[in-house]
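Remarks on the overall topology
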Amino acid sequence: MLYNRVFLVGFMCSGKSTVGRELAHTLGWEFVDVDEEIQRQENNTVAGIFQEKGEAYFRNLELQVLTQLSQRNRLVISTGGGLGANPVAMELMKNKGLVVWLDIPFQEFLERCKGDENRPLLKKSLEEIQLIYQKRKEVYREAHLHLDATKDVPSIVKEIVGFLNR
Ligand SMILES: Nc1ncnc2c1ncn2[C@@H]1O[C@H](COP(=O)(O)OP(=O)(O)OP(=O)(O)O)[C@@H](O)[C@H]1O
Ligand SMILES: O=C(O)C1=C[C@@H](O)[C@@H](O)[C@H](O)C1
Ligand SMILES: [Mg+2]
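Residues numbered from 1 in each chain as written. Chains lettered and ligands numbered in written order. Predicted model: local features only at pLDDT ≥ 70, side-chain atom pairs only at ≥ 80, totals over all residues. Heavy atoms only, no water.

This part is about the site of ligand 2. In the region of ligand 2, the neighbouring residues are Met12, Asp35, Val46, Phe58, Arg59, Glu62, Gly80, Gly81, Gly82, Pro120, Leu121 and Arg136. Side-chain polar atom of Asp35 to an oxygen atom of ligand 2: 2.5 Å apart, as the coordinates give it. With respect to ligand 2, the side chain of Arg59 contributes an N or O atom lying 2.7 Å from an oxygen atom. Protein contacts shield 96% of the accessible area of ligand 2, which totals 310 Å² for the unbound molecule. If you map ligand 2 onto the pockets, it falls in the largest pocket. The dominant element in the shell around ligand 2, judged by the number of residues it contributes, is helix H4 (residues 55–69), at three residues. Tallied by class, residues from the shell around ligand 2 come to five nonpolar, three polar and four charged. (Near = heavy atom within 4 Å. Polar contact = N/O pair within 3.5 Å; in protein donor to acceptor, adjacent residues only side chain to side chain. Areas by Shrake-Rupley, 256 points an atom, 1.4 Å probe, with all protein chains shown as cover. 1 Å grid on protein atoms, 1.4 Å probe; cavity = no way out; pocket = protein on both sides within 12 Å on 5 of 7 lines; lining within 4 Å. Sits in = over half its atoms within 2 Å of the grid points. Helix = DSSP H or I, 4+ residues; strand = E, 2+ residues; numbered from the N terminus. Nonpolar A, V, L, I, M, F, W, Y, C, P; charged D, E, K, R; others polar.)

Here's what the structure looks like:
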């Protein structure tokens, strides 16, 4: 296989954590979710880190954790919604593995994500979130593989495995 790592990127609630876990299981690889790894290292929630240390601190930590993880092999890495939209992170991921964009329409994001207390960005107005959604696509679209993430999880996993084995 050409790749040792798969990075999943996409907007909030596109399914990065859900698909990542299933994909790792199918490949027999390890799975790490960057948000969960940060929460473990900081012994705090994402919302708590944003509140107590600020967003810039969180964004810097995301990049550090991604760099550490990019040195491990046979690993599926689910990124946070903002990390995959950082051009520096995108460049790093593309050099280190297969980058997959899980793409969902804005409406689907609203339905899946509404009411989630642990996502600080959801405190912004709908107009602001929609702008962030549009802007992030400019970076997400640099991924190697662009998938319709409204499909069911097993179909998405199958597409990624098919691409890895092509
Ligand atoms: N393909 C899918 N079809 C239907 N529901 C899905 C699908 N993938 C994920 N979901 C659901 O959408 C919600 C968000 O999924 P998940 O937490 O995996 O997204 P995420 O991309 O990791 O979000 P975040 O950016 O906040 O980390 C969950 O309730 C999950 O069960
Ligand atoms: O879209 C974002 O900017 C974020 C998404 C989540 O995965 C977390 O990383 C955090 O809530 C920020
Ligand atoms: Mg997640």
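Having seen the model, we can carry on.
We now examine the UniProt feature "binding site: Mg(2+)" (unreviewed entry) in the protein. Per the UniProt record, "binding site: Mg(2+)" (unreviewed entry) is annotated on Ser17. Mapped onto the elements of the fold, Ser17 is located in helix H1 (residues 16–27). Once residues lying within four places of it in the same chain are set aside, the contact partners of Ser17 are Phe31, Asp33 and Ser78. (UniProt positions renumbered as here; feature names shortened; annotations may be inferred. Contact = heavy atoms within 4.5 Å.)

On to unusual backbone geometry. Even without glycine at this site, Cys13 takes up a positive phi of about 70°. Position of Cys13 among the secondary structure elements: in the loop between strand E1 (5–9) and H1. The phi dihedral of Asn43 falls on the positive side, at around 50°, and the residue is not glycine. Mapping Asn43 onto the fold places it in the loop between helix H2 (34–42) and helix H3 (46–53).

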